[in-house]
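Close look at the chain arrangement
This is what each chain is made of:
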Amino acid sequence: MPLTGEEIAKHNSRESCWVIVHGKAYDVTEFLPEHPGGPKIILKYAGKDATEEYEPIHPPDTLDKYLDKSKHLGVVDMKTVEKEEKEESPEEIERQQRIERMPILEQCYNLMDFEAVARGVMKKTAWAYYSSGADDEITMRENHTAFHKIWFRPRILVDVEKVDFTTTMLGTKVDIPFYVTATALGKLGNPEGEVVLTRAAKKHNVVQMIPTLASCSFDEIMDAAEGDQVQWMQLYVNKDREITKKIVQHAEKRGCKGLFITVDAPQLGRREKDMRSKFTDTGSNVQAGSTTDNSQGAARAISTFIDPGLSWKDIPWFQSITKMPIILKGVQRVEDVIRAIESGVQGVVLSNHGGRQLDFARSGIEVLAEVMPVLRERGWENRIEIFVDGGVRRATDIIKALCLGAKGVGIGRPFLYAMSAYGQPGVDRAMQLLKDEMEMNMRLIGCSNVDQLNPTLVDTRGLNMHTTSVPSDTLGMSVYDPLVSPKEKAKL
Ligand SMILES: Cc1cc2nc3c(=O)[nH]c(=O)nc-3n(C[C@H](O)[C@H](O)[C@H](O)COP(=O)(O)O)c2cc1C
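Note that this is a predicted model, so its numbers are computed, not measured. (Residues numbered from 1 in each chain as written. Predicted model: local features only at pLDDT ≥ 70, side-chain atom pairs only at ≥ 80, totals over all residues. Heavy atoms only, no water.)

**Observations regarding the sheet that holds strand β3 (residues 72–75)**
Taking strand neighbours across the sheet as the criterion, the 3 strands line up as β1-β2-β3 in an open arrangement whose pairing is antiparallel. The open sheet terminates on both sides in strands that have one partner only, identified here as β1 (18–21) and β3. This sheet shows a mean twist of 25° between the axes of neighbouring strands, independent of strand direction. In this structure, strand β2 (residues 24–27) lies alongside β3, joined through 3 bridges in antiparallel fashion. Opposite Lys 24, over in β3, you have Val 75 as the bridge partner. (Pairing = 2+ DSSP bridges. Helix = DSSP H or I, 4+ residues; strand = E, 2+ residues; numbered from the N terminus. Axes fitted to C-alpha atoms, helices over the stretch in contact; angles between N-to-C directions.)

Structure follows, in structure tokens:
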């Protein structure tokens, strides 16, 4: 006999707390203190259907993994569950109207256009999570503007009738030198989540990096790959190394071709826009007072397991548990690149996590310009593969990174925005636009393949000028949200 809504509604307190997720009931009373996001958010849904809030943040296998089977109470007759009449806020009504007036996909001519559309049509909390950066967001903006400080020194009279911009990354042949980098919580932007990116990556023959904190389960994302499609894995290292070992070895068994260990996040950065978006209009924080302080946005709540004790000493252990190439993601200075090479890893990503961690960290492209001459001097430039991410929005950005010595670049937010606004066709178009830009710009710089890209083709003299201005291009300016101060309470 299915359970009824009436029965479940009785268990609406800390003493007895049942919730419905995807048509099934769960007794989470004893789990409340263990919930990484704190008990308050669960208690908000005590005795009710929590699916909508639960869905984007938890991969589908979460309840099976973390809640004892004896607490799985069974199927609910959803017809008997009272639907909460939610009054649409004026903000939500406006958003729905903007969705109706959305530009058609063909009106998006570059990656910034997807961001502009997404900003209007995404839910406020989802937009805040994706678009926020740490503190004053200076690094986040710098990632984008740093590319504007590099100018070209193109060659002329080179035969560029045929242009080939395929390359290899960690042994995988790809159509264009970018990969889809790991970004958490894909279902905040699209109900299908990260598998949308998997399919687009297949279509354009590029690699997808699977995030530890994906909304889909790891296996769902692997299963969505087709044929010999290559995927990498991004790892947040769990304090419990047995769990980490299981995750890594499972990824290897499933055929992942690279292990990207995130090294720039011993604690998640303060992303104030994300934190602010969690406040209700009355100014009260729905999650305040929980044992885990997740008033700090979705990111902090789901990342309490990350080990701040991770250090260089752990690298040999990783090398002992996997044969996958190991790449350190989030390296930010020459000394650490040298140390990474000495420790025998196969690559580094020069990255500051999209400006979401240490504010005033320098852009990856600036660090690259500093790293490569030092490696060349030592004859070490081919000892590892060097990737860059952060602020890549144009094929010219990709070309600049390759000229300076990167093997490829990671792209994060633009694909999230394309997916949030237009689903898979959006990501597909975003990737195609990059390919079209790439072909044209390779011709215009005078190179017919990526091996010809070299440091003499760029002028980097402006790179170490740090400005804290808003992006200097008009497209960049139009999508940047200035930070805001606290809002007054709504009128009673
Ligand atoms: C919404 C979002 C979530 C992210 N989640 C992760 C993550 O879980 N793990 C990680 O190593 N990096 C994460 N990153 C950082 C990206 O991998 C990458 O470094 C960054 O997005 C590159 O900058 P871009 O967004 O300007 O392209 C995230 C970035 C964003 C925007």
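**Describing the site of the ligand**
Close to the ligand lie 22 residues, the nearest being Ala 182, Thr 262, Asp 389, Arg 393 and Gly 412. The separation between an oxygen atom of the ligand and a polar main-chain atom of Ala 182 is 2.6 Å. At a separation of 3.2 Å, a nitrogen atom of the ligand approaches a polar side-chain atom of His 353. Here the ligand, which alone exposes 600 Å², has 99% of that area covered by the protein. Taken atom by atom, the bulk of the ligand overlaps the largest cavity. Those elements that place two or more of their residues in the shell around the ligand are α7 (124–131) and α18 (413–445). Within the shell around the ligand, the residues separate by chemical class into 7 nonpolar, 10 polar and 5 charged. (Near = heavy atom within 4 Å. Polar contact = N/O pair within 3.5 Å; in protein donor to acceptor, adjacent residues only side chain to side chain. Areas by Shrake-Rupley, 256 points an atom, 1.4 Å probe, with all protein chains shown as cover. 1 Å grid on protein atoms, 1.4 Å probe; cavity = no way out; pocket = protein on both sides within 12 Å on 5 of 7 lines; lining within 4 Å. Sits in = over half its atoms within 2 Å of the grid points. Nonpolar A, V, L, I, M, F, W, Y, C, P; charged D, E, K, R; others polar.)

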